[in-house]
Amino acid sequence: VFGYPPKVADLKFDPHYMVRGLTVDKRRGNVLKMDRHKYVKIAQHGLRTLSRDERKALYDGVEQRESFDGKDFAQIDTLFSLAEAYLFMQLVEMRDGERMQQKQQRQQQRQEEEEGGGE
């Protein structure tokens with residue numbers, strides 16, 4: 001339906017996982033929990049919580065904090081948007097998993113080519 005892979009239809013919503021007041025960083029695939037000063041306290045890439053160092057590297061600049069309202073960001077402030085944000089996180093997980101699988105396949109092919117080329 002609508003050109004999505006069939007496995008998207010198998011994704012389930014967990015209503016206890018999300019809360020209102022989050023911000024989605026659409027460009028990086030992250031969901032952010034900020035305080036009232038727009039300091040990012042928690043950041044998740046897909047369903048994985050970013051380490052403190054990863055989070056600070058991405059969001060610790062003052063100029064960055066003032067730009068969370070741009071087109072690359074979406075506010076999660078309604079009950080409907082909770083489901084959208086959770087789906088977004090699952091899609092990021094799915095995409096990252098596919099990329100990792102493709103990378104492993106390429107590495108395996110290169111290794112097989114190297115081993116086969118020595119005959």
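So, here is what we can say about the structure in this document.

Here is what the cut-offs are and how they apply
- Residues numbered from 1 in each chain as written.
- Predicted model: local features only at pLDDT ≥ 70, side-chain atom pairs only at ≥ 80, totals over all residues.
- Heavy atoms only, no water.
- Pairing = 2+ DSSP bridges.
- Helix = DSSP H or I, 4+ residues; strand = E, 2+ residues; numbered from the N terminus.
- Contact = heavy atoms within 4.5 Å.
- Axes fitted to C-alpha atoms, helices over the stretch in contact; angles between N-to-C directions.
- Phe/Tyr/Trp six-rings, centres within 6.5 Å; stacked < 30°, edge-to-face > 60°.
- Core = buried A, V, L, I, M, F, W, Y, C linked by side-chain atoms within 4.5 Å.
- Buried < 20%, exposed > 50% of the residue type's maximum accessible area, 1.4 Å probe, protein only.

## Let's talk about the pairing of strand E3 (residues 40-45)
Part 1 of the argument: In this sheet, E3 lies alongside strand E2 (residues 30-34) in antiparallel orientation, the contact comprising five bridges. If you follow asparagine 30 over to E3, its bridge partner there is histidine 45.
Part 2 of the argument: Counting the residues in the hairpin turn of E2 and E3 gives five residues, including lysine 38, whose phi is positive at 65°.
Part 3 of the argument: Bridge analysis of E3 against strand E4 (residues 48-49) gives two bridges, and the strand direction is antiparallel. Paired with histidine 45 across the two strands is arginine 48, which belongs to E4.
Part 4 of the argument: Two successive antiparallel strands, E3 and E4, enclose a turn made up of two residues, where glycine 46 displays a positive phi of approximately 65°.

## Focus on the sheet that holds strand E1 (residues 22-25)
Part 1 of the argument: In spatial order, the strands read E4-E3-E2-E1-E5; together these five strands make up an open sheet with antiparallel pairing. The open sheet has two edge strands with one neighbour each: E4 and strand E5 (73-76).
Part 2 of the argument: Alignment of E1 against E5, held across four bridges, turns out to be antiparallel. Of the residues in E5, the one forming a bridge with valine 24 is alanine 74.
Part 3 of the argument: Its contacts with the sheet put helix H1 (residues 52-59) on E1, E2, E3 and E4, and the angle it makes with E3 is roughly 105°.

## Digging into the packing of aromatic side chains
Part 1 of the argument: In this structure the tally under the stated criterion is four aromatic pairs.
Part 2 of the argument: Joined through ring pairs, the aromatic side chains of Phe13, Tyr17 and Tyr86 make up one cluster.

## Overview of the nonpolar core
Part 1 of the argument: Formed by Met18, Leu22, Val24, Val31, Ile76, Leu82, Ala85, Tyr86 and Met89, the largest nonpolar core amounts to nine residues.
Part 2 of the argument: It is helix H3 (residues 79-117) that provides the largest number of residues to this core, a total of four residues.
Part 3 of the argument: Grouped together as the second largest cluster of nonpolar side chains are eight residues, Ala43, Leu50, Tyr59 and Phe73 included.

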